[in-house]
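# Structural description and commentary
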Amino acid sequence: MSIPKRQFDALIIGAGGAGLNAALQLARAELRVAVVSKVFPTRSHTVAAQGGINAALGNVLPDSWHWHMFDTIKGSDYLGDQDAIELMCRESIPTVYELERAGVPFSRLENGKIYQRPFGGQSQNFGGEQAARTCAAADRTGHAVLHTLYQQNIRARTHFFDECFACDLIRDAEGLLCGALVLEIATGEPFLIEAKSILLATGGCGQVFRTTSNAKINTGDGMAMALRAGIPLMDMEFFQFHPTGIAGKGLLISEGTRGEGGYLINRHGERFMERYAPRAKDLASRDIVARAILTEVREGRGCGPQGDHVLLKLDHLGEALIAERLPGIRELSRIFASVDPIKEAIPVFPTAHYIMGGIPTDRFGRVVMPAGQGAEEVVPGLYAAGECACASVHGANRLGGNSLLDILVFGRLAGKDIIEYVRDNPYPRIADPASVEQAMARLIRWERCGTGLSVQALSAELRKCMEDHAGVFRTESVLQEGVAQLHAICERLDEVRLRDHSKAFNTARIEALELENLIDVGLAIALSALNRRESRGAHARLDYPQRDDRNWLKHSLYYREGDRMDYKPVRTKPLTIEPFTPQERVY
Ligand SMILES: Cc1cc2nc3c(=O)[nH]c(=O)nc-3n(C[C@H](O)[C@H](O)[C@H](O)COP(=O)(O)OP(=O)(O)OC[C@H]3O[C@@H](n4cnc5c(N)ncnc54)[C@H](O)[C@@H]3O)c2cc1C
């Protein structure tokens, strides 16, 4: 079978903040770089980021990257790798200034400096008073960042393949990964991109849950591609539920609302977070606030006729502040919750938001695999950055404002490392026909005719299964039942048939490919959660309520083949300072 081919120095799959910041380094270094995105680049989920990006600039209250680092490690429930966290926190400061110079229109303080708001889990002096570390462009920070990065890439002549869907990674005759099979959505025609290096920057997988803050496109494609290529996924049991999704809808109400002084109340009008986190209150870390809301609802203190949510109060902040700092939140609340936060409280409930786990990388964005006897090896030429990757800076729970930071820092570092890799490995790599055929076979399966189950029906089952079995609170029996259901869903994929077999803009075919990816990712989450018999960060086991550092201060690795689990140690040594040793985590 002959299909058209394109050749580049670097192939980047994903045009969110991670992919675009990597591409910018490569294009500026005059490498031939291809960016493939299944949607137009500025529609990537980064555009939806509201609250902001963390950097210890100290513009509003005193701050230092040491405190940022401590907060991130404590927030991670000590599962984050301390070398990568140190690097990210130190790099945060030049990263934000670089964004400012590239043209990101940050909100400003009266003295002209970048505006910073308080966010959850931020402190001064290793656990002291609240800090204000999150740099914001009103409540549309991601929008500002993504558009700026896209424009800079156009200027640097990055080659974009817009609305092209990457299906699978491809190997050369030696077995090295050398490109991807890609489907042009407009024509439905497949083509091959061969490259000396590949960066996966495909973002998150929130669509695996029924109620989510994530865009429709966040279907874990890159993670599933890695799994199919034999690469494990790390720490997948740690899925963040954001405390304040619009109740029943899941759309996000930014933590920035609480940073600006908003707070949560139950049906008695009580400010209940004071009971769960006496010091940080509504600005405790996300896992703690999400569990508190669920507990209020379960114990009968929920609001509304069904008692199934709590309320987020902003009306005391005043119209002027809401108009200046939270205009997007006001609009979302009016449209999707039919309340105007200037006058009424917003009904909220936790929503699936962010995956802490992903494709394991080192701090240069290089994908790493266990190589026996505790050693690790780099997968030659393969990189991952952003939400699909796990450089292990968030551990068991991510702090708000640290993801935009993660994607930009590790996107750039991966870009820089790729430049060196391509210089050392300048020869083109050629796809092995057998590998291409294998990828094509998966695509061709969807041409089967006849009647059968619809993609929508099976995806709805998957999302419900994940919500019911792998949500905020977990137990052995419920997880076991979930895994059994997921295996059954996986088998029933064979019964699914597309009704529409046309080629041009066949979104049904894309949704089918996304469903396959979501099932793989769902299994990774549920099996990793079943096997971790402790509670840590976002992973709350009712049957193992304590953190167990003796047995579980280690990373999980899930392999698709045989649903196998493996583990590897946490890197507890920072680069230049003394380690932070695990302590009880209270806010
Ligand atoms: C509503 C919301 C608000 C948020 N607010 C904040 C915040 O204030 N601060 C913060 O730090 N974090 C926030 N986050 C988290 C943060 O925005 C994301 O984690 C981050 O933007 C992910 O960036 P990324 O570059 O990894 O991926 P994305 O921006 O998700 O981009 C993924 C890219 O991959 C492409 N892609 C995926 N699959 C394929 C495929 N098969 N073929 C081709 N292309 C593919 C997509 O087209 C897209 O271009 C928020 C998240 C959400 C959902």
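Residues numbered from 1 in each chain as written. Predicted model: local features only at pLDDT ≥ 70, side-chain atom pairs only at ≥ 80, totals over all residues. Heavy atoms only, no water.

Turning to the sheet that holds strand β3 (residues 53-54), a few remarks are in order. What holds strands together in a sheet is hydrogen bonding between their backbones, with the strands either parallel or antiparallel. The strand order across the open sheet built from 3 strands is β3-β5-β4, with neighbouring strands paired in antiparallel fashion. Bordering the open sheet on either side are β3 and β4 (116-117), each of which pairs with just one other strand. Across 2 bridges, the pairing between β4 and strand β5 (residues 134-135) is antiparallel. Counted as the bridge partner of Q116 is C135 from β5. (Pairing = 2+ DSSP bridges. Helix = DSSP H or I, 4+ residues; strand = E, 2+ residues; numbered from the N terminus.)

This paragraph deals with the sheet that holds strand β12 (residues 263-265). Strand order across the open sheet formed by 4 strands is β11-β14-β13-β12, with antiparallel pairing between neighbours. Lying at the two open borders of the sheet, with one neighbouring strand each, are β11 (239-246) and β12. The sheet shows a mean angle of 50 degrees between the axes of neighbouring strands, direction not considered. Sheet topology note: the β11/strand β14 (residues 346-355) ladder contains 6 bridges and is antiparallel. Paired with I246 across the bridge in β14 is V348. Helix-sheet contacts for helix α10 (residues 327-337) involve β11 and β14, and the interaxial angle to β11 is about 75 degrees. (Axes fitted to C-alpha atoms, helices over the stretch in contact; angles between N-to-C directions. Contact = heavy atoms within 4.5 Å.)

Of all residues adjacent to the ligand, which total 39 residues, the nearest are S44, H45, T46, E387 and L404. K38 is positioned with one of its backbone polar atoms (N or O) 3.0 Å from a nitrogen atom of the ligand. The fraction of the free accessible surface of the ligand (1,000 Å²) that becomes covered by protein chains is 98%. Broken down by secondary-structure element, the contributors of at least two residues to the shell around the ligand are α1 (17-28), β2 (33-37), β7 (164-171), β14 and α11 (402-424). Per-element tally for the shell around the ligand: the top contributor is α11, with 4 residues. (Near = heavy atom within 4 Å. Polar contact = N/O pair within 3.5 Å; in protein donor to acceptor, adjacent residues only side chain to side chain. Areas by Shrake-Rupley, 256 points an atom, 1.4 Å probe, with all protein chains shown as cover.)

This next bit is on the pattern of salt bridges. Pairs may arise between side chains of opposite charge once their charged atoms sit close together. Tallying each qualifying case throughout the model produces 55 salt bridges. Residue D63 is joined to R133 by a salt bridge in which the shortest nitrogen-to-oxygen separation is 2.8 Å. Note that D63 is positioned in the loop between β3 and α2 (65-75) and R133 in the loop between β4 and β5, a separation of 70 residues in sequence. Close ionic contact of D549 with R536 constitutes a salt bridge, the shortest N to O distance being 2.8 Å. (Salt bridge = Lys/Arg side-chain N within 4 Å of Asp/Glu carboxyl O.)

Turning to the domain arrangement of the chain, a few remarks are in order. Here the chain is partitioned into domain 1 (5-238 + 356-433), domain 2 (245-350) and domain 3 (434-557). At the boundary of domain 2 with domain 3, total buried surface from both sides reaches about 470 Å², with 72% on carbon and sulfur atoms. Taken together, the connections running from domain 2 to domain 3 amount to 0 salt bridges. Applying the counting rule to domain 2 against domain 3 returns 1 residue pair in polar contact (both at pLDDT 80 or more). Each residue belonging to the side of domain 2 that touches domain 3 can be placed in one class, and the counts come to 1 nonpolar, 1 polar and 3 charged. (Domains from an automatic or database assignment. Buried area = accessible area lost by both parts, 1.4 Å probe. Nonpolar A, V, L, I, M, F, W, Y, C, P; charged D, E, K, R; others polar.)

Following the criterion strictly, the structure yields 13 aromatic pairs and no others. With a centroid separation of 5.6 Å and an interplanar angle of 35 degrees, the aromatic rings of F161 and F191 are classed as tilted. Here the residue F161 occupies a position in strand β6 (residues 159-162), and F191 occupies one in strand β9 (residues 189-200), the gap between them amounting to 30 residues. We note that F161, like F191, is buried. Note on Y383 and Y421: the rings are 6.5 Å apart at their centroids and 75 degrees apart in plane angle, and the pair reads as edge-to-face. Taken together, the residues Y383 in strand β17 (residues 376-384) and Y421 in helix α11 connect sequence positions 38 residues apart. As far as the burial class goes, Y383 and Y421 line up, both buried. Within the aromatic cluster, the residues linked to one another by ring pairs are F8, F161 and F191. Of note, R325 hangs over the ring of Y115, and the distance from its end group to the ring centre comes to 3.9 Å. Over the ring of Y354 we find R398, and its NZ or CZ is 4.0 Å from the ring centre. (Phe/Tyr/Trp six-rings, centres within 6.5 Å; stacked < 30°, edge-to-face > 60°. Buried < 20%, exposed > 50% of the residue type's maximum accessible area, 1.4 Å probe, protein only. Lys NZ or Arg CZ within 6 Å of the ring centre and 35° of its normal.)

Quick look at the UniProt feature "domain: FAD-dependent oxidoreductase 2 FAD-binding" (unreviewed entry) in the chain now. As annotated by UniProt and renumbered to match this structure, "domain: FAD-dependent oxidoreductase 2 FAD-binding" (unreviewed entry) occupies residues 9-404. Between the end C-alpha atoms of residues 9-404 the distance is 26 Å, and the span holds 28% helix and 23% strand. (UniProt positions renumbered as here; feature names shortened; annotations may be inferred.)

As a further point, take the environment of Q82. By the element assignment, Q82 lies in helix α3 (residues 82-102). With 139 residues separating them along the chain, Q82 and D221 place their C-alpha atoms 28 Å apart. For Q82, the contacting residues outside a window of four places in its chain are M69, I73, R571, T572, K573, P574, P579 and F580.

Here we take up the state of the cysteines. If you walk through the whole model with that rule in mind, you get 0 disulfides. Among the cysteines around C167, which has no disulfide bond, C164 carries the closest sulfur, lying 10 Å off. Taking the relative accessible area as the measure of exposure, C167 reaches 2% and is therefore buried. With no disulfide of its own, C390 lies 11 Å from the sulfur of C388, the closest cysteine sulfur. The exposure class assigned to C390 is buried, which follows from its relative accessible area of 3%. (Disulfide = S-S within 2.5 Å.)

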